[in-house]
Amino acid sequence: MPKVTFLPDERTVEVRAGETALTAAWKAGVGIKSVCGGRGTCGSCLVTLASAERRAVNPPTLLEREGLLPEGEDRHYRLACQCEILGAVTLSVPPESEAVKSAPRKPFTHLPIAARPLATRIAIDVDGPNAPPPRALAERVKDAVMRTSGRRRIALGAAVIADFSRQPSFDAAQTVTATLYRERTIIQVRPGRHERLFGLAIDIGTTSIVVFLCDLLEGAILASRAAGNPQAMFGEDVISRMTHIQKDIAALGAMQGALVEAVNQLTGDMCAETGVEPHDIVDAVLVGNPTMQHILLGINPEPLGRGPYLPVWSEGVEAEAQSLGLAIAPRARLFVFPMLSGYIGGDILAAVLTRGRDFYRGTQLLIDVGTNGEVVLAHDGALMATSCATGPVYEGAHIRCGVRAQPGAIERVWVDPTGALRLATIPDPGRDKEPRPIGLCGSGVISSVAALIGAGLITPEGSLAEPGRHPALRAGPSGRAEDIVLAPASRSQTGRDIVLTQKDVRGVQLGKSSLRSGIEILMGVCGASTIDRIHLAGTFGNHLEPEDILKIGLVPRVPVARIHSIGNAAGDGARLALFNRHQRNRALSLAKRMTVLELSGRADFHELFIAHTELAPEPLAPPQATRGP
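Residues numbered from 1 in each chain as written. Predicted model: local features only at pLDDT ≥ 70, side-chain atom pairs only at ≥ 80, totals over all residues. Heavy atoms only, no water.

A. Structural view of the sheet that holds strand S1 (residues 3-7). Reading across the sheet, the five strands line up as S2-S1-S5-S3-S4 and stay open at both edges, with mixed pairing between neighbours. Sheet topology places strand S2 (11-14) and strand S4 (77-79) at the edges, where each strand pairs with a single neighbour. On average, adjacent strands in this sheet sit at an angle of 35° to one another, irrespective of strand direction. Taken together, the three bridges between strand S3 (residues 46-52) and S4 define a ladder with antiparallel strand orientation. For Thr48, the partnering residue across the bridge sits in S4 and is Tyr77. Helix-sheet contacts for helix H1 (residues 21-28) involve S1, S2 and strand S5 (89-92), and the interaxial angle to S1 is about 75°. (Pairing = 2+ DSSP bridges. Helix = DSSP H or I, 4+ residues; strand = E, 2+ residues; numbered from the N terminus. Axes fitted to C-alpha atoms, helices over the stretch in contact; angles between N-to-C directions. Contact = heavy atoms within 4.5 Å.)

B. Up close: unusual backbone geometry. Along the chain, Leu7 connects to Pro8 via a cis peptide bond; the corresponding omega equals 10°. Structurally, the position occupied by Pro8 is in the loop between S1 and S2. A positive phi angle, close to 60°, is found at Glu10, a residue other than glycine. Take Glu10: its relative accessible area is 62%, and that puts it in the exposed class. Phi is positive for Tyr309, which is not a glycine, with a value near 60°. Structurally, Tyr309 is set in the loop between helix H7 (290-296) and strand S14 (317-320). Given the relative accessible area of 40%, Tyr309 is considered partly exposed. (Buried < 20%, exposed > 50% of the residue type's maximum accessible area, 1.4 Å probe, protein only.)

C. A look at the pattern of salt bridges. Overall, the coordinates contain 26 salt bridges when judged by the stated rule. Taking the shortest distance from any N to any O, the salt bridge between Asp163 and Arg166 comes out at 3.5 Å. Overall, the relative accessible area of 63% leaves Arg166 in the exposed class. Residue Asp163 is classed as partly exposed on the basis of its relative accessible area, which comes to 23%. (Salt bridge = Lys/Arg side-chain N within 4 Å of Asp/Glu carboxyl O.)

D. Fine view of the pairing of strand S25 (residues 533-537). Counting buried positions over the five residues of S25 gives four, a clear majority of the element. Across five bridges, the pairing between strand S16 (residues 363-368) and S25 is parallel. Paired with Leu365 across the bridge in S25 is Ile534. Here S25 pairs with strand S26 (residues 563-565) via three bridges, running parallel. Within the sheet, the bridge partner assigned to His535 lies in S26 and is His564.

E. Spotlight on the packing of aromatic side chains. Overall, the coordinates contain four aromatic pairs when judged by the stated rule. Arranged with centres 6.0 Å apart and planes meeting at 35°, the rings of Phe605 and Phe609 form a pair that is tilted. Here Phe609 and Phe605 lie together in helix H16 (residues 603-611), a separation of four residues that amounts to about one turn. Sitting over the ring of Tyr181, Arg333 keeps its end group 5.6 Å from the ring centre. Here the basic side chain of Arg575 rests over the ring of Phe212, its NZ or CZ set 4.5 Å away from the ring centre. (Phe/Tyr/Trp six-rings, centres within 6.5 Å; stacked < 30°, edge-to-face > 60°. Lys NZ or Arg CZ within 6 Å of the ring centre and 35° of its normal.)

F. Broad picture of the domain arrangement of the protein. Segmenting the protein into domains produces domain 1 (3-97) and domain 2 (119-191). When each unit is reduced to the centre of its C-alpha atoms, the spacing between domain 1 and domain 2 is 59 Å. (Domains from an automatic or database assignment.)

G. Region of the structure containing the sheet that holds S16. Spatially, six strands are ordered S26-S25-S16-S17-S18-S27 in an open sheet, and the strand pairing comes out mixed. Every other strand in the sheet has two partners, leaving S26 and strand S27 (595-596) as the edge strands with one partner each. Packed on one face of the sheet, helix H11 (residues 502-526) meets S16, strand S17 (373-379) and strand S18 (382-388) and runs near 155° to S18.

H. Region of the structure containing the environment of Gly408. Structurally, the position occupied by Gly408 is in the loop between S18 and strand S19 (409-415). Judged by its relative accessible area of 0%, Gly408 is buried. Considering only alpha carbons, one finds Gly408 and Ala173, 235 residues apart in sequence, at a separation of 62 Å. Aside from chain neighbours lying at most four places away, what touches Gly408 is Thr425, Ile426, Pro435, Arg436, Pro437, Ile438, Gly439 and Gln493.

I. Summary view of the packing of helix H9 (residues 346-353) against helix H14 (residues 569-579). In the contact formed by H9 and H14, the axes pass within 7 Å of each other and the chain directions differ by 75°. Comparing the axis directions of H9 and H14 gives the class roughly perpendicular. For the pair formed by H9 and H14, the contact residues are Asp347, Ala350, Ala351 and Leu353 on the first element and Ala569, Ala570, Gly573, Ala574, Leu576 and Ala577 on the second. Taken together, the residues of the contact of H9 with H14 break down into eight nonpolar, one polar and one charged. (Parallel < 35°, antiparallel > 145°, perpendicular 65-115°, else oblique. Nonpolar A, V, L, I, M, F, W, Y, C, P; charged D, E, K, R; others polar.)

J. Representation of the packing of H9 against helix H15 (residues 581-593) within the structure. Packing of H9 against H15 leaves a shortest axis separation of 10 Å and a crossing angle of 115°. The chirality of how H9 crosses H15 is right-handed. Along its contact with H9, which presents Leu349, Val352 and Leu353, the element H15 presents Gln583, Arg586, Ala587, Leu590 and Ala591. The residue inventory of the contact of H9 with H15, partitioned by class, reads six nonpolar, one polar and one charged. (Left-handed = near helix turned anticlockwise from the far one by under 90°.)

K. Region of interest: helix H6 (residues 250-274). A rise of 1.5 Å per residue sets the reference length of H6, with its 25 residues, at 36 Å; its end C-alpha atoms lie 36 Å apart and thus fit the reference within 8%. When H6 is considered as a whole, its buried residues turn out to be Ala251, Leu252, Met255, Ala258, Leu259, Val260, Ala262, Val263, Leu266, Thr267, Met270 and Cys271. (Expected span 1.5 Å × (residues − 1).)

L. Region of the structure containing helix H10 (residues 442-454). For H10, with 13 residues, the first-to-last C-alpha span of 19 Å sits near the 18 Å given by 1.5 Å per residue. Judged by how many residues are buried, H10 sits mostly within the fold: twelve of 13 residues are covered. Listed in full, the buried residues belonging to H10 are Gly442, Ser443, Gly444, Val445, Ile446, Ser447, Ser448, Val449, Ala450, Ala451, Leu452 and Ile453. One or two steps after H10, the chain reaches Gly456, where phi turns positive at roughly 80°.

What follows is the structure, encoded as structure tokens:
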């Protein structure tokens, strides 16, 4: 079997002859971007053929020859999904092709909340086996809990007693601590007195995972950790991952296992830092987009990727931590938020949960911009939500030089008074010096388009200016400008020019128009004419400049001061539901209260979409969205 070695990790794996380099990477645990899931349509899985035996790989395919490889590159560059392994080969994965490894920047907000957890602890004195009348240990534990708590009915499962029976002298008369869930179900019995209670708030996104270790009695965060979602090796977006599951159902178990392992690793790190025992973590709350919630629960998400795009499971669910493999108290509960539709998940519901009473006064928008844009409109106390297919350009995918938000990604672009292009990259926490660029992340794409429109290098219609207008504009064979060089090869980490292409700009237009049209339809259906405030949620939204999104018309025109980034609102909402039982009930109520508006099939969407493709604050005469569903 041919051997494949990947640099710079120096991981080697054996594959069957004819398998692709992308498949080899998955088997080796090497993360390579694969936006299209290995179909050869995105060009994101670029690798370098470092060394190879004679005829160790197939010749470049038609897809590669027709332009997915960068112009002027030699044939040592291959697309991993098109490169078939026939002999021993060494492949180098350039930085811009690596699936995200570093933890993304996910700021959170310290929200004041009264601690009313669903888990409680009481110390009880359990009678010994010789105490009259003779009773089974489980009966003696239940009687002690009822006697101490004043409750008449207490549930105690055999599994909890089984856990307790593994303790030394478990059947002797002793003081033990019983942990109750919802005050009626015993989920843990431990010898001695244990007062402190801990829980986890988990936010699982397509790109990243964030876990908070929390003190349930104090309502405080003890530690937090973030990491890249290890499922990236199966594809950058949810459609790619669904495709893998559709081809091989075993991929579902692999993806679920990767999520659980990552959560356990982050939890273990935090426990080691704080001295918390995993046995004392007795409650957990999880939010995520519909695909991530399905996969975590072991539910096949494939129906989410095809019409009518319905979830397999939409209700909030409580599961035993042990049943999912979480390394906390075995009978601890994991609450997974309900989802509203196939594309509006618990993460958006959690974000709405963080909004106070002011959110329900007047007209306010909560927007999470990403591969799929979710919008919630609060108008005179009513809530309506919709989902817009904004496209992956806003997270750096399907952009010629697009990368995830990681050190070296360009996040800001501006034109100085002399006309020179300037840029800023995401810093590397381990270095003082700003890293050289590796590509454009989502906020960098928006920033560059807004800056170049302001400088006259991109027209409001989305066309690049004539090549002679600026030295950075490069002409193609037709004589028209095809890209703008933001960073020449000499200044980049990749050794290649980092550019924004005409195709990239068109992608921004399409995504912008989809989101804006969805907003206009929500406003039209609800009868709202103006917006009082806009809340930008999510990692991407947190790093967008309000001036940039107003300049290209991504959102309705409002004063800049009324656009606010609210950080990792999904994680914030998960913590609210962890700390306070009433917030968990409120989340369930919000799910029932919120109306979901489907955009597919609406006659007015097409007209609005065409009108809003212009990269300007407002179109000249946009059509009006019709009222009614």
